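If you want the building blocks of each chain, they are given just below.
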Amino acid sequence: MSLRIYNTLSRAVEEFSPLDPGHVRMYVCGMTIYDLCHIGHARMMMAFDVVQRWLKASGLKVTYVRNITDIDDKIIKRAVERGITIRQLTDEMIAAMHQDIGALGIEPPSLEPRATEYVPQMLGMIATLEEKGLAYKGATGDVNYAVRKFPGYGKLSGKSLDELRAGERVAVLEGKDDPLDFVLWKSAKPTEPDDAKWDSAYGPGRPGWHIECSAMCRGTLGDTFDIHGGGADLQFPHHENEIAQSEGANGKPLARFWLHNGFVRVDNEKMSKSLGNFFTIREVLAKYDAETIRFFIVRAHYRSALNYSDAHLDDARSSLKRLYTSLDLVKPAELATDWSQPFAARFKAAMDEDFGTPEAVAVLFELAGEVNRTGSAELAGLLKNLGGCLGLLQGAPGAYLQAGAGLDDASIQLLIAQRAAAKLSKDFAEADRIRKDLMANGIVLKDSPSGTTWEVQS
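Parameters and conventions
Residues numbered from 1 in each chain as written. Predicted model: local features only at pLDDT ≥ 70, side-chain atom pairs only at ≥ 80, totals over all residues. Heavy atoms only, no water. Pairing = 2+ DSSP bridges. Helix = DSSP H or I, 4+ residues; strand = E, 2+ residues; numbered from the N terminus. Phe/Tyr/Trp six-rings, centres within 6.5 Å; stacked < 30°, edge-to-face > 60°. Buried < 20%, exposed > 50% of the residue type's maximum accessible area, 1.4 Å probe, protein only. Lys NZ or Arg CZ within 6 Å of the ring centre and 35° of its normal. 1 Å grid on protein atoms, 1.4 Å probe; cavity = no way out; pocket = protein on both sides within 12 Å on 5 of 7 lines; lining within 4 Å. Points joined across faces, edges and corners; volume = space filled by probe spheres on them. Contact = heavy atoms within 4.5 Å. Polar contact = N/O pair within 3.5 Å; in protein donor to acceptor, adjacent residues only side chain to side chain. Axes fitted to C-alpha atoms, helices over the stretch in contact; angles between N-to-C directions. Parallel < 35°, antiparallel > 145°, perpendicular 65-115°, else oblique. Nonpolar A, V, L, I, M, F, W, Y, C, P; charged D, E, K, R; others polar. Salt bridge = Lys/Arg side-chain N within 4 Å of Asp/Glu carboxyl O.

Q: What is the right way to read the sheet that holds strand β11 (residues 264-266) from this model?
A: The strands that make up a sheet are held in pairs by hydrogen bonds between backbone atoms, and each pair lies either parallel or antiparallel. One open sheet holds the three strands; their spatial order is β12-β11-β13, and the pairing between them is mixed. The sheet terminates laterally at β12 (269-270) and β13 (306-307), the two strands that pair on one side only.

And the structure:
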């Protein structure tokens, strides 16, 4: 069976093959980096981590680009509030993101471009759009995209221009010819810091959000590539606007497949910073080990909604223990995966049908049952190998099963490092919170001039 992927653009599951035989090029919209990442962000990055892992397991080379938005209204506001430069803020938050998602076993992308590194390319694309009559400079100094002049607008989201017009909340905004138009280049405001401005033919300013990704994906993967991904909330307007910009400028399709992961929900509402119902990765890591969190996310299909609760995480830990128990009872043999083996073939069939992790995880449990029944080291080795395709079951089984506090060594060391960083930045409230969270999980910290050690409280 060949790989089939649900394509948001066609609203159908389609057979997938890369443009360049054997080589997949994939771009995923990453973080706007002004604060710590929450579990909703982890879900997005985990979804595409599994995608790229399975593509590689299928024998394909993968060039995976996940960008960083490091210039934005929220970033500017937060930097000004803290009295630091934009670069100081974004460097700090990028380091925190890498630390947090690294703890979850999310592999780094092939490339991780920053928006601020591609401003000349953005300006070049804006100039091309202007030459083609798709962009204009408004009365306020902003440069806007003329949506009605791009005939394919709405094809990704399925929204017609009439529907969009009916949903308008305001009349024509100042500086725009049409309410549907969106900004490509924002003119600088007198109150904005100097490091939020670039010189351009349109005057000092900074790029709009949508043009950032159009320039970065073109600069790293070319005019047309295989897969463009991101959260479901980006389908409109961000990805719709990317298509309009890129295809308007380049005259070629942007991406052949569009993938969108579902939301994490709390009490049936999307988890988001704007709603204040979010949990940072660090907060969850203070209560649960990293692999339990990963398993909780991975066992749900990437396109489905994921309901967050302690009860679901507790269930994930109990379930993962069952798999590790099999590997603890029978030492896995080291062997290459034979994809014709019945369990492996069923696992592959599940993953080849739009990355069907729920069905693939079900195969893991059936395989674990067979390991328990037969005591086969070969089947235990297969269980470990298949789990590895999802980033699971690669730790020492005994260590996972004996972690009475529910936190593995890696998670504890990560929290100790985060506490040390908080103390260094004089954020003593955060340092004390981490110490108390560890204490609640039975982990006692002991500080000394040589460093911090820990022990499990009996």
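Read on for the rest.
Q: Just checking my understanding: could you explain the packing of aromatic side chains for this structure?
A: Two aromatic rings, taken as a pair, are described by how far apart their centres are and by the angle between their planes. In the structure shown here, the tally under the stated rule is ten aromatic pairs. Ring geometry for F16 against F257: centres 5.2 Å apart, planes inclined by 75°, an arrangement best described as edge-to-face. Of the two residues, F16 sits in the loop between β2 (12-15) and β3 (23-32) while F257 sits in strand β10 (residues 255-261), which places them 241 residues apart along the sequence. We classify F16 as buried; its relative accessible area is 6%. Relative to Y308, the ring of F296 has its centre 6.2 Å away and its plane inclined at 80°; by these criteria the two rings are edge-to-face. Of this pair, F296 sits in helix α9 (residues 290-298) while Y308 sits in the loop between β13 and α10 (310-329), and the two are twelve residues apart along the sequence. Members of the aromatic cluster, joined through ring pairs, are W54, W339 and F347. Between the NZ or CZ atom of R303 and the centre of the ring of Y6, over which it lies, the distance is 4.2 Å.

Q: Mind showing me how you'd approach the layout of surface pockets here?
A: Rolled over the atoms, a probe with the dimensions of a water molecule shows which regions are left empty. Approximately 620 Å³ is the volume attributed to the second largest pocket. Around the second largest pocket, the lining is made up of 23 residues, and of these L36, E92, M93, R282 and D427 lie nearest the centre. Of all elements in the fold, only α2 (73-82), α3 (86-103), α8 (281-285), α15 (409-424) and α16 (428-440) reach the threshold of two or more residues within the lining of the second largest pocket. Broken down by element, the lining of the second largest pocket gets its largest block of residues, five residues, from α3.

Q: Which parts of the structure should I look at to understand helix α11 (residues 342-352)?
A: Note: α-helices contain 3.6 residues per turn, so residues at a spacing of three or four share the same orientation. Taken as a whole, α11 has its buried residues at F343, A344, F347, A350, M351 and D352. Where the residues of α11 are buried, they touch β1 (4-7), α1 (39-57), α12 (357-374) and α13 (377-389). By the N-cap criterion, in which a side-chain oxygen at the helix start approaches the backbone nitrogen of a residue two or three places on, α11 is capped by Q341, the distance to F343 being 2.6 Å. At the exit of α11 stands D354, carrying a positive phi of roughly 60°.

Q: Before we go on, may I ask you to explain the packing of helix α4 (residues 119-131) against helix α6 (residues 209-221) in this structure?
A: Relative orientation and spacing of two packed helices are given, respectively, by the angle between their axes and the distance between those axes. It is at 9 Å that the axes of α4 and α6 come closest, and there the two elements cross at 105°. The pairing of α4 with α6 is recorded here as roughly perpendicular in orientation. Along its contact with α4, which presents Q121, M122, M125 and I126, the element α6 presents I211, E212, S214, A215 and R218. Partitioning the contact of α4 with α6 into residue classes produces five nonpolar, two polar and two charged.

Q: Even after reading the chapter, I still don't get the pairing of strand β9 (residues 225-231), so can you show me in this structure?
A: A regular strand places its side chains on the two faces of the sheet in alternate fashion. By the criterion of burial, β9 is predominantly enclosed, with seven of the seven residues buried. One ladder, built from three bridges, connects β3 with β9; its direction is parallel. Paired with V28 across the strands is G229, a residue of β9. Taken together, the six bridges between β9 and β10 define a ladder with parallel strand orientation.

Q: In this structure, what is going on with the side chain of T357? I would like to understand it.
A: In this structure, T357 sits in helix α12. A distance of 3.1 Å separates a polar atom in the side chain of T357 from the backbone oxygen of A300. Those residues in contact with T357 that sit more than four places away from it in its chain are V50, V298, R299, A300, H301, M351 and L390.

Q: So what exactly am I meant to see when it comes to the pattern of salt bridges here?
A: Side chains bearing opposite charge may pair, as long as their charged atoms lie close to each other. Taken as a whole, this structure holds 32 salt bridges when the rule is applied. Here E81 ties to R78 by a salt bridge, and the two come within 3.6 Å at their closest N and O atoms. Placement of both E81 and R78 in helix α2 is noted, with a separation of three residues, approximately one turn of the helix. Sharing partners across several salt bridges, the network here consists of D35, K77, R78 and E81.

Q: Quick question: what am I supposed to make of empty space enclosed by the protein here?
A: By the definition in use, this model includes one cavity of 30 Å³ or more. Estimated volume of the largest cavity: approximately 90 Å³. As for the largest cavity, its lining consists of R43, M46, A47, V50, V51, I297, V298, A300, H301, Y302, F355 and T357. Where the lining of the largest cavity is concerned, the elements lending two or more residues are α1 and α9. Looking at which element gives the most residues to the lining of the largest cavity, the answer is α1, with five residues. Taken together, the residues that form the lining of the largest cavity break down as nine nonpolar, two polar and one charged.

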